[in-house]
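For reference, the chains in residue letters:
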Amino acid sequence: MAGFPKDFFWGGATAANQYEGGWNEGGRGLAATDVTTGATKDSPRRRTYIMPDGTTGVTKGPGALMPEGAKGCVLDGYYYPNHKGTDFYHHYKEDIALFAEMGFKMFRMSISWPRIFPHADDETPNAEGLKFYHDVFDELHKYNIEPLVTISHYDDPLAIEEELGGWQNRNTIDLYVKYATTLFNEYKDDVKYWLTFNEINCDAMIVQFVPNLPLEKQRNAYITLHNRFVASARAVKYAHEHFPEFKVGCMVAGVFTYPLTCDPKDVIANMEKMQDYFYYSGDVQARGYYGKYAARTWNKYDLDPAYFEQDKQILMEGKVDFFTYSYYSTSCETTHKDAKRDGGGNLSLGYYNEYIQYSDWGWGMDPDGLRYSLNEIYDRYQIPVMVVENGLGALDTLEEDGSIHDPYRIEYMREHVKAMEKALEDGVELLAYTPWGCIDLVSASTGEMRKRYGMIYVDMDDEGNGTMNRYRKDSFYWYQRCIQSNGQDIE
């Protein structure tokens, strides 16, 4: 087999909103996640708010609109998991030392936008926030770990939504570009690899995931997505013009599905789903233009094509240098609506595939799908690829002696490493593998801690109680061997 390149970036991935904590320290402003409660796989996360007359309330669930005039706020009696995440803000030196012990070559992290511009439209950046990330990058470079930095990872200043009306307002594009260019200039000597937005296609996927979403919110999802495309393209263009050594990539949620049956109608339904929820975003960011099929979506939601065609030049000028995506699972699509659904902890993903195994949270575990997706992406875009999220959320037990035995995670990762090696043999130019939640984080979908992805255990429960002590899981030592052997010692 071809094996992994000698300069392959083995590492791990996190996000500030789920990991960093320090939500009200160092001059940081509010993000939407700071006013979002915890939940379980059976009960949704909610947002707390205050009305102009001082009355308070809580939304009914995902996609639910807050009352007109409401502002997000933190209320007594609710638990907000993202407030402390798993406290990287105070543990970054300890955690980075553990990453180095595992052998990381790359660490994917995000910068919290409200830590840099607390109110989004601040005239100057927050000096304390800038310093914090300088300290983090210094620590990473001490161990020769390359940062891969996501500029926006579900962590926009709450003021963008409440004062500007969100990303439907094109003025938000300018605020993002100011933020991104501030980071480029500030950390030009610290960071070479950047991602503009995390899972940018999730703006469109909300139409599928949230039942009974009002038509206006469905239409706004595509307006939001387009404006993010423009913001990304402007940031990429700036980076290319001012810092030619930079490499700037996109990040797309890996929505990969198969036709449930060989019924041609299922094949067509699956083609349309892949176009709508994956290639719609990938094509704009990697090719620089919308696919012709996008007109079908615009027509479906009665959207004016002129809105999407007005920025043709900047989209072409702002094509990314490499393509990254998350890959956890696959699903199926069918026109036979009596078929069994899958999903659960992350809402409904599609239809049940009898040929693969499923996790406790309803995710279809499919390493063959990783090889398939890598080939499809590379063949379509012909630019380098990174797998920047992959992993298994599971229930882990901390034993009395401090050990955590997670053979299920090792098995999951082992099979996906094998799939990547096969993709390399297929000719895919794969640069990096940064499995998600290399250290335990709070879940984005539920806010739980029990759904753990990490190879490092953090002693904290679903209510935020615990010592915050870090413990090495069995998977820590397995991944250490994997990296030391460049993917060969994985049994």
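Everything quoted here is computed from the prediction, not taken from an experiment.

Some thoughts on the overall build of the chain
Part 1 of the reasoning: Summing up its helical and strand segments, the chain has 15 helices and 17 strands in all.
Part 2 of the reasoning: Long-range pairs, those at least 24 residues apart, make up 74% of the contacts in the chain with a sequence separation of at least 6.
Part 3 of the reasoning: Here the chain has roughly 19,600 Å² of accessible surface; of this, 49% comes from carbon and sulfur atoms.
Part 4 of the reasoning: Positive and negative side-chain charges in the chain, numbering 49 and 75 respectively, have mean positions lying 3 Å apart.

A closer look at the pattern of salt bridges
Part 1 of the reasoning: As enumerated under the stated definition, the model contains 32 salt bridges in all.
Part 2 of the reasoning: Across the pair Arg380 and Asp283 runs a salt bridge, and its minimum N-O distance is 2.9 Å. Within this pair, whereas Arg380 is found in helix α13 (residues 367-381), its partner Asp283 is found in helix α9 (residues 264-287), the two being separated by 97 residues in sequence.
Part 3 of the reasoning: For Asp283, a relative accessible area of 0% translates into the label buried.

A word on the packing of aromatic side chains
Part 1 of the reasoning: For the structure shown, the criterion picks out 52 aromatic pairs.
Part 2 of the reasoning: Look at Phe243 and Phe246: their rings are 4.7 Å apart centre to centre, the planes differ by 20°, and that puts the pair in the stacked class.
Part 3 of the reasoning: For Phe243, a relative accessible area of 8% translates into the label buried.
Part 4 of the reasoning: Look at Phe246 and you get buried, because its relative accessible area is 1%.
Part 5 of the reasoning: Judged by centre distance (4.7 Å) and plane angle (5°), the rings of Trp298 and Phe308 are stacked. Residue Trp298 is located in helix α10 (residues 294-300), and its partner Phe308 is located in helix α11 (residues 305-309); the two are separated by 10 residues in the primary sequence. Of the two residues, Trp298 and Phe308, neither departs from the other in class, the shared state being buried.

Some words on the pairing of strand β7 (residues 193-197)
Part 1 of the reasoning: Counting buried residues along β7, 5 of its 5 residues qualify, which places the element largely inside the surrounding structure.
Part 2 of the reasoning: In the sheet, strand β6 (residues 146-152) pairs with β7 via 4 bridges, with the strands oriented parallel. Within the sheet, the bridge partner assigned to Val149 lies in β7 and is Trp194.

Some points on the sheet that holds strand β1 (residues 9-13)
Part 1 of the reasoning: Taken together, 8 strands build a closed barrel; the order of strands is β1-β5-β6-β7-β8-β10-β14-β15 and the barrel is parallel. The mean inter-strand angle of the sheet, taken between neighbouring strand axes irrespective of direction, is 30°.
Part 2 of the reasoning: Across the sheet, α13 lies against β10 (322-326), β14 (385-389) and β15 (430-433), angled at about 155° from β10, the strand it touches most.

Quick notes on the sheet that holds strand β4 (residues 71-72)
Part 1 of the reasoning: As summarised here, the arrangement of the 3 strands in space is β3-β2-β4, forming an open sheet in which the pairing is antiparallel. Looking at which strands have only one partner, the edges of the open sheet turn out to be β3 (56-58) and β4.
Part 2 of the reasoning: Note: strand β2 (residues 48-50) against β3, 3 bridges, orientation antiparallel. Bridge pairing links Ile50 to Thr56 in β3.

Things to note about α9
Part 1 of the reasoning: With 24 residues, α9 extends only 29 Å from end C-alpha to end C-alpha; this falls clearly short of the ideal 34 Å at 1.5 Å per step.
Part 2 of the reasoning: At Tyr279, α9 is deflected by roughly 50°, the largest bend along its length.
Part 3 of the reasoning: Taking burial as the measure, the 24 residues of α9 include 17 buried ones, the bulk of the element.
Part 4 of the reasoning: Looking at where α9 begins, the residue whose side-chain oxygen comes 2.9 Å from the main-chain nitrogen of Lys265 is Asp263.

Some details on the confidence of the model for the chain
Part 1 of the reasoning: Scored by pLDDT, the chain has a mean of 94; 97% of the residues are at 70 or more.
Part 2 of the reasoning: Predicted confidence in the chain is weakest over helix α7 (residues 202-209), with a mean pLDDT of 82, and strongest over β7, with 99.

Side note on the packing of α7 against α9
Part 1 of the reasoning: The interhelical angle for the contact between α7 and α9, taken along N-to-C directions, is 135°, at an axis separation of 8 Å. When the axes of α7 and α9 are compared, the pair comes out oblique. Counting all contacts with α7, which are made through Ala204, Met205 and Gln208, the residues of α9 involved are Lys273, Asp276 and Tyr277.
Part 2 of the reasoning: Taken together, the residues of the contact of α7 with α9 sort by class into 3 nonpolar, 1 polar and 2 charged.

Brief notes about the environment of Leu260
Part 1 of the reasoning: Topologically, Leu260 is positioned in the loop between β9 (256-259) and α9.
Part 2 of the reasoning: Sequence separation between Leu260 and Gly350 is 90 residues, and the spatial gap between their C-alpha atoms is 9.7 Å.
Part 3 of the reasoning: Aside from chain neighbours lying at most four places away, what touches Leu260 is Asp266, Cys332, Glu333, Thr334, Ala339, Tyr351 and Tyr352.

Definitions and limits used
Each chain has its residues counted from 1, following the order in which its sequence is written. Predicted model: local features are reported for residues with pLDDT of at least 70 only, side-chain atom pairs are reported and counted for 80 or more only, and whole-chain, interface and lining totals are derived from all residues. Only hydrogens and water are set aside; all other atoms, that is, all heavy atoms of the structure, feed into the side-chain values. In this description a helix means any DSSP run of H or I spanning at least four residues, a strand means any run of E spanning at least two, and both kinds are numbered starting from the N terminus. Residues count as neighbours in contact if any of their non-hydrogen atoms are within 4.5 Å of one another. Accessible surface area values rest on a Shrake-Rupley calculation with a 1.4 Å probe, where residue burial reflects the displayed protein chains alone. For the purpose of counting charges, residues Lys and Arg are taken to be positive, whereas Asp and Glu are taken to be negative. His and the chain ends are not included. Think of each charge as sitting on NZ of Lys, CZ of Arg, CG of Asp or CD of Glu. Whenever Lys or Arg places a side-chain nitrogen within 4 Å of a carboxyl oxygen from Asp or Glu, that contact is recorded as a salt bridge. Three exposure classes are used, based on accessible area relative to the maximum for each residue type with a 1.4 Å probe and protein chains only: buried under 20%, partly exposed in between, and exposed over 50%. In summary, the pairing rule links any two rings of Phe, Tyr or Trp, Trp by its six-membered ring, whose centres are within 6.5 Å, and it sorts them by plane angle into stacked for under 30 degrees, edge-to-face for over 60 and tilted for everything else. At least two DSSP bridges between two strands are required for those strands to pair. Inter-axis angles, ranging from 0 to 180 degrees, are taken between N-to-C directions of lines fitted to C-alpha atoms, where helices are fitted over the stretch in contact. Expected span of a helix: the number of residues minus one, times 1.5 Å. Axes are fitted to the seven residues ending at a residue and to the seven starting at it; the angle between these axes is taken as the bend at that residue. The term polar contact refers here to a pair of N or O atoms within 3.5 Å; inside protein, the definition further demands a hydrogen-donor-capable atom paired with an acceptor-capable atom, and it admits residues adjacent in sequence only when both atoms are side-chain atoms. Confidence of the prediction at every residue is given by pLDDT, a number between 0 and 100. Should an angle fall under 35 degrees it is taken as roughly parallel, and over 145 as roughly antiparallel, whereas 65 to 115 is taken as roughly perpendicular and any remaining angle as oblique. Residue classes follow a fixed rule: Ala, Val, Leu, Ile, Met, Phe, Trp, Tyr, Cys and Pro count as nonpolar, while Asp, Glu, Lys and Arg count as charged, and any other residue, Gly among them, counts as polar.

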